[in-house]
Amino acid sequence: MRAMVLRAPRSPLVLEERPDPTPGPGEIRVRVAACAVCRTDLHVVDGDLAPHRAAIVPGHEIVGRIDALGRGVEGLAIGDRVGIPWLGHACGVCPYCESGAENLCDAPQFTGWDRDGGFASHVVADAAFAVPLGDLDLDDVAAAPLMCAGLIGWRSLVRAGEGRVLGLYGFGAAAHIVAQVARHQGRRVFAFTRPGDVTAQDFARSVGCDWAGDAGATPPAPLDAAIIFAPVGELVPEALKAVKKGGRVVCGGIHMSDIPAFPYALLWQEREVVSVANLTRADARDFLRAARVAKPHIATRVYRLEEANAALDDLRAGRLSGAAVLVP
């Protein structure tokens, strides 16, 4: 197999030839068809998230087909199309898992951080955490961003509540999917981008946003809720200014810069700030059900596996509209 390997944080990924992995009990081996590039991959590569393993293969928005089964795998077959998301394993026995909150598991494993991920031609995954995609009417490249941008975006949308006016801060892969699902639900969606980023604002309007402007600008109407996808702590008080009484601000990323001090008046009147951590298998079932109905258009830019560093650079520099996707 071929894999793009992170040998040390803040260093370029290196192409390696490795023996094809063998799935263990309860595992599957997947021939990767496409793997989207997530901002969390960037946080792993850039050292914002402390390394969990040496020489890790990043990538956790994976779509491919099973080509080997480990002992004891049931309900899946060789040739099945599956997705491999960020949550690669949960213990199943801690209080969080037992209560249905496996996203908060005390002993989790994350794809591309604890387990080798999809910046490769093959990946081994826990069969219980693979997402069946057999009846999803999207090709492999378009389906790959759903495995994190879509899933985390969906969990963030659910946490935002049922308010009819939604603000999205940071308009990248997750936001462009969530915006379309929210519009299908009948909500008004306002997009907030880096100051002066006309390209991102035009992109937001092209996928159905009712308004797009700079972060910090006053939207056309007060927000019922806001979701922050950009890893910028300074956006939290800006979003609090924009939400109405009783509104909620959802922080949708695994990493964010420090939130600056802000006056209590921004939080008063029962405004809330909440975070989203990881995802559950139930999120995947619910989101894919919603996506089959909403049928969002997934904007992608394709890179060869060997171009993973270029894809990460483009994401880091904000040069993408939609998602970067690696194709082995």
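Nothing here was measured: the structure is a model prediction, and the numbers come from that model.

A. The side chain of His-43, seen in detail. By secondary structure assignment, the location of His-43 is in helix α1 (residues 39-45). Classification of His-43 as buried rests on a relative accessible area of 6%. Those residues in contact with His-43, other than ones at most four positions away along the chain, are Asp-48, Leu-49, Pro-231, Ile-254 and His-255.

B. Inspection of the packing of aromatic side chains at higher detail. Within this structure, the stated rule accounts for 8 aromatic pairs. Ring plane angle 15 degrees and centroid distance 4.7 Å describe the contact between Trp-86 and Phe-110, whose orientation is recorded as stacked. Within this pair, whereas Trp-86 is found in the loop between β5 (81-84) and β6 (87-89), its partner Phe-110 is found in strand β7 (residues 109-110), the two being separated by 24 residues in sequence. Residue class for Trp-86 comes out buried when judged on its relative accessible area of 4%. For Phe-110, a relative accessible area of 7% puts it in the buried group. A network of ring pairs unites the aromatic residues Tyr-169, Phe-190, Phe-192 and Trp-211 as a single cluster. Above the face of the Phe-129 ring, Arg-281 is positioned so that its terminal group lies 3.9 Å from the ring centre.

C. View of a nonpolar patch on the surface. Residues Tyr-264, Leu-267, Trp-268 and Val-273 make up a contiguous nonpolar surface patch of roughly 420 Å² in combined accessible area. By secondary structure assignment, the location of Trp-268 is in the loop between β14 (243-251) and β15 (272-275).

D. Geometry of helix α5 (residues 173-184). Under the 1.5 Å per step criterion, the end-to-end length of α5 is 18 Å for 12 residues, consistent within 8% with the ideal 16 Å. For α5, the set of buried residues is Ala-174, Ala-175, His-176, Ile-177, Val-178, Ala-179, Gln-180, Val-181 and Ala-182. Check the buried side of α5 and you find it contacts α4 (149-160), β10 (165-169), β11 (188-193), α6 (198-206), β13 (223-228) and α8 (281-294). Looking one or two residues beyond α5, the residue adopting positive phi is Gly-186, at roughly 95 degrees.

E. A look at the nonpolar core. Counting 100 residues, the largest nonpolar core has Ile-28, Phe-119, Leu-168, Phe-171, Ile-227 and Phe-287 as the members making the most contacts within it. Look past the residues within four positions of Phe-287 in its chain and what remains in contact with it is Leu-146, Gly-150, Leu-151, Trp-154, Ile-177 and Val-181. One finds Phe-190, Trp-211, Leu-235 and Ala-239 within the second-largest nonpolar core, a separate group that totals 19 residues.

F. Seen up close, the pairing of strand β4 (residues 61-69). Bridge count between strand β3 (residues 27-37) and β4: 8 bridges; the pairing is antiparallel. Following the sheet pairing, Ile-28 is matched in β4 by Leu-69. For β4 and β5, the ladder comprises 4 bridges, and the chain directions are antiparallel. What sits directly across from Gly-64, in β5, is Val-82.

G. Geometry of the environment of Ala-107. With respect to the element layout, Ala-107 can be found in the loop between α2 (95-98) and β7. On the accessibility criterion, Ala-107 (44% relative accessible area) is partly exposed. The spatial distance from the C-alpha of Ala-107 to the C-alpha of Glu-272 is 28 Å, given a sequence separation of 165 residues. Here Ala-107 is in contact with His-89 and Cys-91, once residues within four sequence places are set aside.

H. Just the sheet that holds β15, in detail. With respect to topology, 6 strands assemble into an open sheet ordered β12-β11-β10-β13-β14-β15, the strand pairing being parallel. The two strands at the open ends of the sheet, each matched to only one other strand, are β12 (211-214) and β15. Within the sheet, the average angular offset between the axes of one strand and its neighbour, ignoring direction, is 20 degrees. In the sheet, β14 pairs with β15 via 4 bridges, with the strands oriented parallel. Of the residues in β15, the one forming a bridge with Val-250 is Val-274. Set on the sheet, α6 makes contact with β11 and β12; between it and β12 the angle comes to about 165 degrees.

Reading the values: the criteria
- Residues numbered from 1 in each chain as written.
- Predicted model: local features only at pLDDT ≥ 70, side-chain atom pairs only at ≥ 80, totals over all residues.
- Heavy atoms only, no water.
- Helix = DSSP H or I, 4+ residues; strand = E, 2+ residues; numbered from the N terminus.
- Buried < 20%, exposed > 50% of the residue type's maximum accessible area, 1.4 Å probe, protein only.
- Contact = heavy atoms within 4.5 Å.
- Phe/Tyr/Trp six-rings, centres within 6.5 Å; stacked < 30°, edge-to-face > 60°.
- Lys NZ or Arg CZ within 6 Å of the ring centre and 35° of its normal.
- Patch = residues over 30% accessible without salt bridge, like charges linked within 9 Å, V, L, I, M, F, W, Y side chains within 5 Å.
- Areas by Shrake-Rupley, 256 points an atom, 1.4 Å probe, with all protein chains shown as cover.
- Salt bridge = Lys/Arg side-chain N within 4 Å of Asp/Glu carboxyl O.
- Expected span 1.5 Å × (residues − 1).
- Core = buried A, V, L, I, M, F, W, Y, C linked by side-chain atoms within 4.5 Å.
- Pairing = 2+ DSSP bridges.
- Axes fitted to C-alpha atoms, helices over the stretch in contact; angles between N-to-C directions.

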